[in-house]
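# Examining the three-dimensional arrangement
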Amino acid sequence: MIVKGNVAIGTKWTMQEARHETLHLMKTVYPYLFIGAGIGAFIHGVVPTEWIATYMGGDTWWLVPVAAIIGIPLYIRLATMIPISQMLVAKGMAFGSVMALMISSAGASLPEITLLHSIFQKKLVWAFIASVISMATLSGFLFYII
């Protein structure tokens, strides 16, 4: 039998033990989840779309990784991705930057990162963030090439 923390892996749990472990996990995860959702909602509500389109509207190369980084705290849901990207392009934001913003916002969000941080080691969470930013940036650069 392997013991990891308070949990014995490979043993059967009673309903009471499962309920206790679930409540314990919820108590440790929910504060991070609410903090991340609050920060994401604050940024989403405070940063105007016009400001993003104005400062992200050029064709300079560094706007793509910046858009990928900005997209993570925005947390744009998949259902609203197309109208938001359409509006940003219509207001002058470059296609590559829009692609990087959309991919990074769908790939990682502050609530998701805070949840992962409460479960995994920091190195793994940073590796996840770096991979999302890298893939979003690469996709944005590919949009400039195509």
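Numbering of residues begins from 1 in every chain and follows the order in which that chain's sequence is written. Confidence filtering applies because this is a predicted model: local features only for residues at pLDDT of at least 70, side-chain atom pairs given and counted only at 80 or more, and all residues used for totals across whole chains, interfaces and linings. Note that water and hydrogens are dropped before the side-chain values are worked out from all heavy atoms of the structure.

As annotated in an unreviewed UniProt entry, the protein chain carries the name Permease and is attributed to Anoxybacillus tengchongensis. In the Subcellular location (unreviewed entry) part of its UniProt record, the protein chain is described as follows: "Cell membrane". UniProt positions are given in the numbering used here, feature names are shortened, and annotations may be inferred rather than shown by experiment.

All right, on to the overall build of the protein chain then. If you tally the helices and strands in the protein chain, you get 7 helices and 2 strands. Secondary structure of the protein chain in N-to-C order comes out as β-β-α-α-α-α-α-α-α. Classification of residues uses two cut-offs on accessible area relative to the type maximum, computed with a 1.4 Å probe and protein chains only: under 20% is buried, over 50% is exposed, and between them is partly exposed. Split into buried and exposed, the 146 residues of the protein chain put 32% on the buried side. Taking as baseline every contact in the protein chain between residues at least 6 positions apart, the subset at least 24 positions apart corresponds to 74%. Shrake-Rupley sampling with a 1.4 Å probe provides the accessible areas, and residues are treated as covered by the protein chains on show and by no other component. Entry remark: accessible area of the protein chain is about 9,700 Å², with carbon and sulfur atoms responsible for 71%. Runs of H or I in DSSP of at least four residues are treated as helices and runs of E of at least two as strands, each being numbered from the N terminus. The contact criterion used throughout is that any non-hydrogen atoms of two residues lie within 4.5 Å.

Averaged over every residue, the pLDDT of the protein chain is 80; residues scoring 70 or more account for 84%. Per residue, pLDDT captures the predictor's confidence, and it can take any value from 0 to 100. The least confident element of the protein chain is strand β1 (residues 2-4), whose mean pLDDT is 52; the most confident is helix α7 (residues 122-145), at 93.

For patch building, the residue pool is restricted to those with more than 30% relative accessible area and no salt bridge; the joining distance is 9 Å between like charges and 5 Å between nonpolar side chains (Val, Leu, Ile, Met, Phe, Trp, Tyr). Salt bridges are counted wherever a side-chain nitrogen of Lys or Arg sits within 4 Å of a carboxyl oxygen of Asp or Glu. Nonpolar side chains collect at one region of the surface, where Met135, Leu138, Leu142, Ile145 and Ile146 lie side by side and expose about 580 Å² of accessible area between them. Here leucine 138 lies in helix α7.

Looking now at the side chain of serine 105. Within the fold, serine 105 resides in helix α5 (residues 95-107). With near-sequence residues (within four places) excluded, serine 105 lies in contact with Gly71, Ile72, Tyr75 and Ile76.

In a packed pair of helices, the relevant descriptors are the angle between the two axes and the axis-to-axis distance. Put simply, helix α3 (residues 63-74) and α7 touch, their axes get as near as 8 Å, and they point 135° apart. What the angle tells us is that α3 and α7 run oblique. Our pair here, α3 against α7, has a crossing hand that is right-handed. Counting all contacts with α3, which are made through Val64, Pro65, Ala68, Ile69 and Ile72, the residues of α7 involved are Ile129, Ile133, Ala136, Thr137, Gly140, Phe141 and Tyr144. Gly falls in the polar group here, along with every residue not listed as nonpolar (Ala, Val, Leu, Ile, Met, Phe, Trp, Tyr, Cys, Pro) or charged (Asp, Glu, Lys, Arg). Grouping the constituent residues of the contact of α3 with α7 by class yields 10 nonpolar, 2 polar and no charged. For helices, the fitted line uses only the C-alpha atoms of the stretch in contact; every axis is such a line through C-alpha atoms, and the angle between N-to-C directions lies from 0 to 180 degrees. When an angle is under 35 degrees it counts as roughly parallel; over 145 it counts as roughly antiparallel; between 65 and 115 it counts as roughly perpendicular; any other value is oblique. Left-handed describes a crossing in which the near helix is turned anticlockwise from the far one by less than a right angle; the clockwise case is right-handed.

The next thing to look at is the side chain of serine 104. Here serine 104 lies in helix α5. Classification of serine 104 as buried rests on a relative accessible area of 0%. One polar contact links the side chain of serine 104 to the main-chain carbonyl oxygen of alanine 68, over a distance of 2.8 Å. Pairing of N or O atoms within 3.5 Å defines a polar contact, subject to two protein rules: one partner must be a possible hydrogen donor and the other a possible acceptor, and residues neighboring in sequence count only if both atoms are side-chain atoms. Polar contacts involving the side chain of serine 104 include one to the main-chain carbonyl oxygen of leucine 101, which spans 3.2 Å. Residues in contact with serine 104, not counting those within four places in the same chain, are Ala67, Ala68, Gly71, Ile72, Val132 and Ala136.

Quick look at the UniProt feature "transmembrane region" (unreviewed entry) in the protein chain now. Sites flagged by UniProt as "transmembrane region" (unreviewed entry) map to residues 29-47, 59-76, 88-110 and 125-145. Across residues 59-76, helical content stands at 67% and strand content at 0%; the span's end C-alpha atoms are separated by 23 Å. Secondary structure over residues 88-110 splits into 74% helix and 0% strand, and the C-alpha atoms at its two ends are 22 Å apart.

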